[in-house]
Structures are given as structure tokens and as C-alpha cells.
Amino acid sequence: MSDSEQRETDRQELPGKPAGKEFQKEFEMSFGSNIEFLDLVQEISESITRMAGFDDEASHWICLSVRESVANAIQHGNQQDEGKKVGVRFRIDRRRLLITVSDQGCGFDESSLPDPLDSGNLLKPSGRGVFFVHTFMDDVTYHNLPQGGFEVTMEKRLKHTT
Amino acid sequence: MSDSEQRETDRQELPGKPAGKEFQKEFEMSFGSNIEFLDLVQEISESITRMAGFDDEASHWICLSVRESVANAIQHGNQQDEGKKVGVRFRIDRRRLLITVSDQGCGFDESSLPDPLDSGNLLKPSGRGVFFVHTFMDDVTYHNLPQGGFEVTMEKRLKHTT
Amino acid sequence: MSIDTRNVHGVTILDIQGRITIGEESALIRNTIRGLVKSGQKNLLMNLADVRTVDSTGIGELVSSYSHVADQGGALKLLHLTKRTRELLAITKLLTVFDTFEDESQAVASFA
Amino acid sequence: MSIDTRNVHGVTILDIQGRITIGEESALIRNTIRGLVKSGQKNLLMNLADVRTVDSTGIGELVSSYSHVADQGGALKLLHLTKRTRELLAITKLLTVFDTFEDESQAVASFA
Ligand SMILES: Nc1ncnc2c1ncn2[C@@H]1O[C@H](COP(=O)(O)OP(=O)(O)O)[C@@H](O)[C@H]1O
Ligand SMILES: Nc1ncnc2c1ncn2[C@@H]1O[C@H](COP(=O)(O)OP(=O)(O)O)[C@@H](O)[C@H]1O
């Protein structure tokens, strides 16, 4: 199954339906777009990455990637409208941790983002969050959702697998 | 609006729709029925009760009530079937914290539970969880969900309101 | 969670640290108590001073342990309840079942 | 998060504890740096030894502060980067922008 087919299957899953067998553990959350939740999300990410079997170092960068994505969902996606929800889902299997962060905004086109490593951008105060996510996660896709809203899917493989 | 009308409104809310205006903050989560998640739920409960403005002492008993309810949802409701989900929702407003814990089981009839304070039951090793929830929370209802599954709703009022 | 045991005048004192809750913690208490009783140590005093959290499964484990020790002709008593543990035992009427102490030597003497 | 400032041979050293992340933390850095520059202290050395976490907003705040101080004719340099902070500055190519030091007296001397 390709990644995008897998995503399609995930989306069609009804709330309350059992998770696909391939995932051993699944945890998801959703909250109003208030930056106050960021630290809680960070704590949760730390617990889940530990559960998945990552060491402190790997965990730090995964949690940073989640933090950046959730901050973007709250600020850029939902424009800090507390009535709009941010969703975060963790799926653990033997080989990897799959994380999705979704918001109710209109998304953005990744190809139009300025490269933060261009010498003209080095001193810009912003524009490094998406870059961090790409740097620290193994596989990252940004996509609009068919039912509306926007989602980033990121995967981190456990080191002991090849 | 009566409590049960309020519940009805909550249920009809579509996922992704803005929360009712009366709630200032909302956080919900859902996870496979593995007892391993209990400690994470406890940590989250502690953060949320702090956010809601409860002191350490009140927070301790609220979190114990959540813990008991989630343990019951995992064990009795979902029979530890990891494919079945447990949901926990926190809603904070100025006056109270409203918590619901749901599972995909068939529920139970509260009136048929033995009283753990009956002298014949004092030395029983189990049967005190629901009693704790009633003791420490202000308002507790157990009910089957129209779409299937079971839910406990519990409320804790902030002390400074009358 | 950890349990240290020490012997004072024929009484085995279990110093419990951490919490007594559903899962490994309760199982550890159960197994430790059963092991002690089997080896003939039946005068047991649980020091709960450093127990931060007890849940309904933990209370259930204390009750099971109490019954098991009594069935084998011994006694299980409790020392240094925290305010919270005392509250749980009070609302469950278990303060009427357990002998509880605030002073270790008094507790030890009570087994004589 | 906390910032202590001390003066060593005309250089203001900011000992930062905690994290430099989105929200209050970044705002505190911004306001502290701007306040110092306003009061004429323009030779600034940030000691990041006790900074556990930096996110993209935090990196952005370091960059803004750097530019602001330079614009006012001063210099902002960094001391004691943790492995993680160094890694973030390396991948963002900001190690080519910031002067960084592992030794406080060398760092202070560099402002002379
Ligand atoms: N969830 C999102 N919804 C809409 N736009 C987004 C989202 N995430 C990122 N963006 C867009 O991508 C840009 C770059 O994001 P990022 O690299 O995190 O830097 P920054 O947040 O500092 O601008 C943002 O400025 C925003 O325009
Ligand atoms: N979520 C639930 N789904 C189904 N049955 C439940 C649920 N929660 C509680 N029960 C029933 O209520 C009984 C009493 O629960 P409780 O007071 O927590 O004690 P215990 O879990 O120790 O049995 C349980 O034994 C079970 O039969």
C-alpha cells in the first residue's frame, strides 16, 4: 500500500471504528486553537515517543517537530480562533511512529515557501518551522483534506529497523 | 438548559464544528484500550485541572476520578480490546470543569451495583471505583450513547463560584 | 514504586515508596506480602508515609492483603497514613477494619 | 525561564535558564535585550549553557535580537551552546552569522 493509499484508508475510518491492525498503539487528541495547549502537547509527545521506543535524543527532535506543526496549525491554520480545532494523532507500530497534525484552515503551498537557507533569508526572524520538520522527520507531507482543513503527516522510523 | 439537554446538544455537535461558546477551553483525546495509557491520561488530567484553576488538593481527587473512569472504560467497557477506543473530553468554563469518558462497550446499570459500604462488602477487593467518582465529583451520570457505546459525564465546580 | 522490608522485634516493616495503583504496583504489593507470609513472616506493618497516590485497585489490594495475612494467622497493620490515604480509608469505612498507627514503636508493640 | 544579567569588563552577560520558545519566553528575551540596548549596554553575550529547548520562534528571536543590537552599533554573541542548540544553528546556517564561544573570558575579550 502506498503512503497516499494508506492515508485514504485512514480518512475513511469512522470514529469509533477499530484501528487498522498494523498499528499497535494509537492515541489522538483535539483541542481549541489556544497556544496555551502547546506545552501539554509537548508533554504528551514525550510520553508517546518514549512508549514507541525512541531514545531521549530522537525524542527531542520528534517533539520539536510536533511543536512546530501544532504552533503552525494554531497560528497560521486556525488563526488562533479558539472555536477551531487542532487535531494530533500518533500511531505507533513496530517500525515507526506516524504523526498527523490537522487544522481547519486553508493550508499553504509548500513549494512557494522561501528557503530559510538562502543568504537573503538568513536574518529573517521567521520561516524555519516547516524546515525543522523536514529536517528531523523521515517523511513529511502537507495536504488539504477532502472534507476541508489541512494536515501534515510525518513519520519517524525506529532505528533498529532497516 | 438542563444537564440532559446540554448533553444532547454536545452529542449533536459535529466533529470539527466550533465548540459551544460557553466553553472557553476544550481538550479531548482518544486511544486504544491499553492500560499503558493510564499514566499519560493522569498527566494530562493534572495539566488540565491546573489550567482550569483547581488547587493541588482538588486536582488530586478529580484526576483520581478520571483515572478510575478510564480504567473501567478500558477493562469493563472495552474488555481491553486494543482495537476499541476510549474517549476522554475536558471542557473548561469559568464555573466548572466538565469531563466525559466514553467507551465502546455495553455499559452497566448503576442501580445494580453492590454498595461498597455495606458491612458484607467491606472486605471485597473491588467495587470502589464508581463510588470514588461519585464521592469526589459534583455531578455524575452514566448513560448509554445513542450511537452505541457508553459514557460517564462528571462535573466539578470551581470553588469560587456560588 | 519500591518496597523495602526490615525487621523490628519480630515485626516486618514494609517501607513503600511511590504509589499503590492498578497494574504493576498492586501486583508487587500482592507478591511481596504473599512471599513474606509463605516464609513465615506474618506480623506485617506497612509504612505508607511515602505513598503519594492510591486508587481503588490499590485500596482493593490492601484489603486482599489484609484478608490473606489474617487467614494465615497473622496481622497486617498500617503506619503513617498520608492525609489522602487516610481520607480514602475513611470514606470506604476501612479505617474500622485496619489498625493504623502514627508511631512506629507503638505499632510494633501492638503485635506483642 | 529566567534571565540574569551581570557585567564583566564592560560586557553584559545574560545567563539564560529554561527554554527559548514561542510565547512568553521569546517575549522576555526580546524585551530584555531591547531594554539593555536602550540603556546603552550594547556589548551583549548570551550564555545558553542552561537552555534546554529552543524552537523556530526562539531561533527567530535570537536572530532579531542580533540584528537589533547590530543596528544600534553593538554586538550580540553567544556563549556555551548546548549540543542541541548548536545543531539548530548549524542546520539553519546561523553558525556563520553568530560569533559563538566556549570560554567566557575569550568571549569577553573579543568585544575589546
Ligand atoms: N498549518 C498551516 N496552515 C496555513 N499555513 C501554514 C501552516 N503551516 C505553515 N504555514 C505557512 O507556511 C509558512 C512557513 O511556516 P514556518 O516554516 O513554520 O515558519 P513561520 O511559522 O515562522 O512563518 C507560514 O508563515 C505560513 O504562511
Ligand atoms: N465503563 C464500564 N462499562 C461496563 N461496566 C462497567 C463500567 N464501569 C464500571 N462497570 C461495572 O461496574 C462495576 C463496578 O465498577 P467499580 O466501582 O469501578 O469497581 P471495580 O472496577 O473494582 O469492579 C464493575 O465491576 C463493572 O461491572
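Details of the structure are given in the entry above.
How each quantity is defined
- Residues numbered from 1 in each chain as written.
- Chains lettered and ligands numbered in written order.
- Predicted model: local features only at pLDDT ≥ 70, side-chain atom pairs only at ≥ 80, totals over all residues.
- Heavy atoms only, no water.
- Helix = DSSP H or I, 4+ residues; strand = E, 2+ residues; numbered from the N terminus.
- Rg over C-alpha atoms; globule rule 2.2 N^0.38 Å.
- Buried < 20%, exposed > 50% of the residue type's maximum accessible area, 1.4 Å probe, protein only.
- Contact = heavy atoms within 4.5 Å.
- Areas by Shrake-Rupley, 256 points an atom, 1.4 Å probe, with all protein chains shown as cover.
- Lys, Arg positive; Asp, Glu negative; His and termini not counted.
- Charge placed at Lys NZ, Arg CZ, Asp CG, Glu CD.
- Near = heavy atom within 4 Å.
- Polar contact = N/O pair within 3.5 Å; in protein donor to acceptor, adjacent residues only side chain to side chain.
- Nonpolar A, V, L, I, M, F, W, Y, C, P; charged D, E, K, R; others polar.
- Least-squares fit on C-alpha atoms with pLDDT ≥ 70 in both.
- Pairing = 2+ DSSP bridges.
- Axes fitted to C-alpha atoms, helices over the stretch in contact; angles between N-to-C directions.
- Phe/Tyr/Trp six-rings, centres within 6.5 Å; stacked < 30°, edge-to-face > 60°.
- Lys NZ or Arg CZ within 6 Å of the ring centre and 35° of its normal.

Digging into the overall build of chain C
- Check the secondary structure of chain C and you find 4 helices and 5 strands.
- Radius of gyration (C-alpha) of chain C: 13 Å, near the 13 Å computed for a compact globule of 112 residues.
- Judged by the C-alpha coordinates and their principal axes, chain C covers about 30 × 25 × 25 Å.
- Expressed as a percentage of its 112 residues, the buried residues of chain C come to 50%.
- Contacts in chain C between residues far apart in sequence, at least 24 positions, make up 67% of those at least 6 positions apart.
- Element-wise, carbon and sulfur atoms account for 46% of the exposed surface of chain C, whose accessible area totals about 5000 Å².
- Mean positive and mean negative side-chain charge positions of chain C (12 and 13 charges, respectively) differ by 4 Å.

Comments concerning the overall build of chain A
- Within chain A one finds 4 helices and 5 strands.
- If you list the helices and strands of chain A from N to C, you get α-β-α-α-β-β-α-β-β.
- Expressed as a percentage of the 162 residues in chain A, the buried residues total 54%.
- Residue pairs at least 24 apart in sequence account for 64% of intrachain contacts in chain A once pairs closer than 6 positions are excluded.
- On chain A, roughly 7600 Å² of surface is accessible, and the fraction owed to carbon and sulfur atoms is 49%.

Observations concerning the site of ligand 1
All names here are of chain A.
- Lining the immediate environment of ligand 1, one finds 14 residues, of which Asn-72, His-76, Asp-103, Gly-127 and Val-130 sit closest.
- Between an oxygen atom of ligand 1 and a side-chain N or O atom of Asn-72, the distance comes to 2.7 Å.
- Note that a nitrogen atom of ligand 1 is positioned 3.5 Å from one of the backbone N or O atoms of Gly-77.
- Isolated, ligand 1 exposes 530 Å² of accessible area, and the fraction of that covered by the protein chains is 78%.
- A per-element tally of the shell around ligand 1 places helix H3 (residues 56–77) first, with 4 residues.
- Each residue belonging to the shell around ligand 1 can be placed in one class, and the counts come to 5 nonpolar, 7 polar and 2 charged.

Focus: the relation of the copies chain A and chain B
- For the pair chain A and chain B, the relating rotation is 180 degrees, the translation along its axis is 0.0 Å, and the fit reaches an RMSD of 0.0 Å. What we have between these two chains is a two-fold relation. Relative to the rotation axis, the C-alpha of Met29(A) is the closest in chain A, positioned 2.0 Å from it.

Considerations on the sheet that holds strand E3 (residues 96–103) of chain B
- The strand order across the open sheet built from 10 strands is E4(A)-E5(A)-E3(A)-E2(A)-E1(A)-E1(B)-E2(B)-E3(B)-E5(B)-E4(B), with neighbouring strands paired in antiparallel fashion. Because the sheet does not close on itself, it has two edges, and the strands there are strand E4 (139–144) of chain A together with strand E4 (139–144) of chain B. Across this sheet, the average inter-strand angle for adjacent strands is 10 degrees, counted without regard to direction.
- When strand E2 (residues 85–92) of chain A meets strand E3 (residues 96–103) of chain A, the two strands line up antiparallel, connected through 6 bridges. Of the residues in E3(A), the one forming a bridge with Phe90(A) is Ile99(A).
- Seen against the sheet, helix H3 (residues 56–77) of chain B touches strand E1 (25–32), strand E2 (85–92), E3 and strand E5 (150–157) of chain B and runs at an angle of roughly 15 degrees to E3(B).

Points about the site of ligand 2
Residues and elements named next belong to chain B.
- Taken together, 14 residues are adjacent to ligand 2, and Asn-72, His-76, Asp-103, Gly-127 and Val-130 come closest.
- One of the backbone N or O atoms of Gly-77 is found 3.5 Å from a nitrogen atom in ligand 2.
- At 3.1 Å from an oxygen atom of ligand 2 is found a main-chain nitrogen or oxygen belonging to Gly-129.
- Considering ligand 2 on its own, with 530 Å² of exposed area, one finds that the protein chains cover 78% of that surface.
- Every element with two or more residues in the shell around ligand 2 is listed here: H3 and helix H4 (129–136).
- Looking at the shell around ligand 2, the element that brings in the most residues is H3, giving 4 residues.

Some thoughts on the arrangement of the chains
- Contacts are most numerous between chains A and B, considering all 3 pairs of chains that are in contact.
- One thing to see here is that chain A and chain C don't touch, and their nearest C-alpha atoms sit 16 Å from each other.
- At their nearest point, the C-alpha atoms of chain B and chain D are still 16 Å apart, with no contact between the two.

As for the packing of aromatic side chains
- Scanning all chains against the criterion turns up 20 aromatic pairs over all chains.
- Consider the rings of Phe27(A) and Phe31(B), whose centres lie 5.8 Å apart with planes at 10 degrees: the pair is stacked. With one member in each of two chains, Phe27(A) in strand E1 (residues 25–32) and Phe31(B) in strand E1 form a pair that bridges those chains. Judged on exposure class, the residue Phe27(A) and its partner Phe31(B) are both buried.
- Seen in terms of ring centroids, Trp61(A) and Phe136(A) are 4.3 Å apart; in terms of plane orientation they differ by 10 degrees. Their pairing is stacked. One end of the pair, Trp61(A), is in helix H3; the other, Phe136(A), is in helix H4 (residues 129–136), and 75 residues separate them in sequence. Neither residue differs from the other here; Trp61(A) and Phe136(A) are each classed as buried.
- An aromatic cluster of at least three residues, connected via ring pairs, comprises Trp61(A), Phe131(A), Phe132(A) and Phe136(A).
- Above the ring of Phe111(C), the side-chain terminus of Lys77(C) is found at 4.5 Å from the ring centroid.

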